[in-house]
Amino acid sequence: MTLTDTYLMDPHYRPDLIEPAAQQAWEATARFRATETAAGSDARPKYYCLSMFPYPSGKLHMGHVRNYTIGDVLARFHRLKGFNVLQPMGWDAFGLPAENAAIAHQVAPAAWTYSNIDYMRGQLKALGLAIDWSREIATCKPDYYRWEQWLFTRLFDKGIIYKKMATVNWDPVDHTVLANEQVIDGRGWRSGALVEKREIPMYFFRITDYAEELLSGLDELPGWPERVKTMQRNWIGKSFGVEIHFPLTPRHQAGEPVLKVFTTRADTLFGVTYVAVAAEHPLAQQAAATHPALAAFIQECKQGSVAEADMATMEKKGMATGQVVYHPFTNAPIPVWVANYVLMGYGEGAVMAVPAHDERDFAFAQRYALPIKAVIQPAEGALPLPLTAAYCEPGVLFDSDDFTGRASQDAIAKIALVLKNTQLGDRRTTFRLRDWGISRQRYWGCPIPIVHCPTCGDVTVPASQLPVVLPENVVIDIGSPLKKMPAWFNCACPKCGGAAERETDTMDTFVESSWYYARYASPDCDTAMLDARAQHWLPVDQYICGIEHAILHLLYARFFHKLMRDEGLVPCNEPFTRLLTQGMVIAETYYRDLGEGKKQWLNPADVELCSGVWVLKADGQPVIHGGTEKMSKSKNNGVDPQAIIDQYGADTARLFMMFAAPPEQSLEWSDTGVEGAHRFLKRVWKMVFEHLEAGAVSAHFGGMRSSNEQAIRRQLHQTIAKISDDIERRQQFNTAIAAVMELMNALAKLDASNAARALRQEALEAIVLMLAPIVPHITEALWTALRPGTQLLDHAWPTVDASALVQDEIELMVQVNGKLRGKITVAADADTASIEAAALAHADAQKHMEGRPAKKVIIVPGRLVNIVA
RNA sequence: GCCGGGAUGGCGGAAUCGGUAGACGCAGCGGAUUCAAAAUCCGCCAUUGGUGACAAUGUGGGGGUUCGAGUCCCCCUCCCGGCACCA
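Now for a quick tour of the structure. The model shown is predicted, which means the values in this text are computed figures rather than measured ones.

Focus: the overall build of chain A
- Looking only at helices and strands, chain A has 26 helices and 37 strands in total.
- Scored against the burial criterion, the 869 residues of chain A give a buried share of 51%.
- A separation threshold of at least 6 residues defines the contact pool for chain A, and within that pool the share at least 24 residues apart is 71%.
- Here chain A displays about 38600 Å² of accessible surface, and carbon together with sulfur accounts for 52% of that area.
- Taken as two groups, the 86 positive and 99 negative side-chain charges of chain A have centres that lie 2 Å from each other.

Okay, here's the thing in structure tokens:
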């Protein structure tokens, strides 16, 4: 049964009737099922449109609605443009919130997750998304993570995954590892205990092996926003510098121990006044053995979180170890300090400090009264001594032995060469990017397919024994239940058959989201990770995700794609050809102060403006307006998408989302804006209804049109051109909708003549088609009304009639000295001389020229004339 | 702290490649319709001065480039995203 059979034109817009009917019709006829086409049977080009899958947190939030509406607009637009579209959906189902919910509500993470998925699937369907639901995946299901484990074992055996010690946040009261977000002001969120750093063994992906390709690959992504590429470039952080060895003894012989540092400013080597090492550095540990105060300081450094933002903003502290190293050129002794800002896991865990030419070293030297020795001066002009701030620019060396007088760049090369000859260093390229640690001491994640055997060591689980299934029926308290389940972790070693134990850590959930886009192509394949269908659909033509994923998720997915490529699983180098990063959905916040820094956050729906003061509806007492912030549970400023769908329908929600702001900007929620969107849809409905009430007309009118009708028809075809460009190239939907609104306003001024009615039919058909990607339900109903017996989804995107765009006369602005003074109307093909004459003859222009002759006349074709007087 | 972005009427935003600042919508005001209201339709709506034509000012702040700057360059302020275990 089609919509035509179930729906008759009603004078009132009824989304509550239209939307379920349209959705049922799409589902019944499998309208959005994507099929890989055998050669020749379908000439349509493929378009794989992917919105980032949601974490099944409980219910949809507005950020999801925005993300999926953007994806759906692009998917439906390309469908009308003749593409074979794939738009899938699934669930990023592993993660920390399920464990938190398990503790809070005494429910197993699996059960909680599956019930959330069922509810949210219903919500997504109510949004009317053109999704191929037959490809739905959930990352917590063994048939998904089995292949992740399979790839893990391949990579482990290839050496791309390895094990090493890494630092984590340790809660000494709960005896558990904390995520960075679970550390608040240096304390565990549940226990309140001061968090400590602890070293534990973890598995790592060698993403640094791919650093060069991840960097250069960005140049092959013209469809990515420049800012995302810039952030990734800076994150990878390729830098060219010099590794310098500081001997530990004054009469150093080749091969004896040295302290290694890396610097991009080897030209400042003669300005080194101390070296700083991390608390965990062997030199520091050694010194601490006989130095109680130093041991205490090192202990202090181990407090606090491991988050880089915390490390960078904390107070810079240090202590002298009493040890010295020797300058590789002058052999002068240099004191070794321990500093809390030097990270062991980063570079060599030691840095050379040049206070005169580095801001951070300068501040540290001032604090601890360390010497500041300047060795670089500007190429022109002198350095003001003594320094009041570090001079960080490159320049010319002085007080630097043989290197004095050389420019920085030149000196770096020369110093590196001499160091190389004396075996005390060399040129080196480093990356800021670190290897990706994927071990998590948590339950609700993909088990790491490793068996620890006392004789064979770490052994990968053979493919025939995969998946290593995560038990779902568990009771959660603090810490992972896997570590308390001997029946689960005791096993036989796959190699020697002896008694062994499974790894109880699970993988970072970023691993699942790094390859899901590929699995949508082969969602039901049970013989391989991917099959031939992946060759057909990949790469993703359009990916849509939040800007917050600009670095980690998108970099990991690019990395995984290259891993899969090197396994022969995918045909291309990059996963996402074009990327759109959407902004957040924000809303007003309101609160009451409860004292002691505590606030009671009130939902905007429960607050109203009463004679200029915000009050709570319930008690009429004033509340404080806290500004607009990202919709969140903690600020209680979320608007439930379900409530909007129930009250106005999905089309209104979608229209508001697309109209209120361009997709990359943050979007401010507005109840009156939603009403405005709804009002517009009612207007469109009414205009079509009234047009059809007056009887059938043909869009193909051969008679004369008035000049007004010609102008409106020109506007119609300009609008078609603009909207096509707005959606396809600019991906800016708010201006596309505004253009339709303008066209509607113009159309409202047409009369009831045959010519006008024919034009109205043509325009309404085009409007309905152009709005279809944004508001698919109402437009489907209106189309069947305008063109009985046909369906919108079988129709093509409207085309521009070039002959309608022709204009005889155009209007030009007239400026005098850059200020607007009037307008002139000239023939569209007027030559420069006549335009200039017309502008100079303009009375207001002459007035402002005040009798001065025109020195110059600038004509911008089709736009303006500027008279310089 | 570091990296990336943003700031335009009462509000959301438009101005796409340096060329009419404020499209479109929201709110507000005035009118039509109505017994009345809602809904709907029409009109006005940057600021200041002026009855008006018009003039001056105006895109976070300061400076610069240009015939011309919301747009480009330099400096500053505030806000947002990310910082490797939130997803």
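Observations concerning the protein's contact with RNA strand B
- Of all residues adjacent to RNA strand B, which total 70 residues, the nearest are Arg440, Arg442, Arg679, Arg729 and Asn866.
- Near the protein, within 4 Å, the atoms of RNA strand B are sugar or phosphate in 63% of cases.
- Taking Lys722, its side chain carries an N or O atom lying 2.6 Å from a base oxygen of RNA strand B.
- Note that a base oxygen of RNA strand B is positioned 2.5 Å from one of the side-chain N or O atoms of Asn866.
- For the surface near RNA strand B, the leading source of residues is helix H22 (residues 733–747), giving six residues.
- Its residues assigned to classes, the surface near RNA strand B comprises 27 nonpolar, 21 polar and 22 charged.

Section: the side chain of Asp361
- Its location among the elements puts Asp361 in helix H12 (residues 359–367).
- No salt bridge is formed by the buried Asp361, whose closest oppositely charged neighbour, Arg360, lies at an N-O distance of 5.0 Å.
- Sequence-distant contacts of Asp361, defined by excluding residues within four places in its chain, comprise Tyr274, Tyr341, Met352, Ala353, Val354 and Pro355.

Points about the side chain of His78
- The residue His78 is located in helix H3 (residues 62–80) in this model.
- On the accessibility criterion, His78 (7% relative accessible area) is buried.
- The residues touching His78, leaving out its near neighbours within four places in the chain, are Tyr47, Phe83 and Val85.

What to know about helix H19 (residues 650–659)
- Most of H19 sits inside the fold, with nine of its ten residues counted as buried.
- Listing the buried residues of H19 in full gives Ala650, Asp651, Thr652, Ala653, Arg654, Leu655, Phe656, Met657 and Met658.

So, how was this worked out
- Residues numbered from 1 in each chain as written.
- Chains lettered and ligands numbered in written order.
- Predicted model: local features only at pLDDT ≥ 70, side-chain atom pairs only at ≥ 80, totals over all residues.
- Heavy atoms only, no water.
- Helix = DSSP H or I, 4+ residues; strand = E, 2+ residues; numbered from the N terminus.
- Buried < 20%, exposed > 50% of the residue type's maximum accessible area, 1.4 Å probe, protein only.
- Contact = heavy atoms within 4.5 Å.
- Areas by Shrake-Rupley, 256 points an atom, 1.4 Å probe, with all protein chains shown as cover.
- Lys, Arg positive; Asp, Glu negative; His and termini not counted.
- Charge placed at Lys NZ, Arg CZ, Asp CG, Glu CD.
- Near = heavy atom within 4 Å.
- Polar contact = N/O pair within 3.5 Å; in protein donor to acceptor, adjacent residues only side chain to side chain.
- Nonpolar A, V, L, I, M, F, W, Y, C, P; charged D, E, K, R; others polar.
- Salt bridge = Lys/Arg side-chain N within 4 Å of Asp/Glu carboxyl O.

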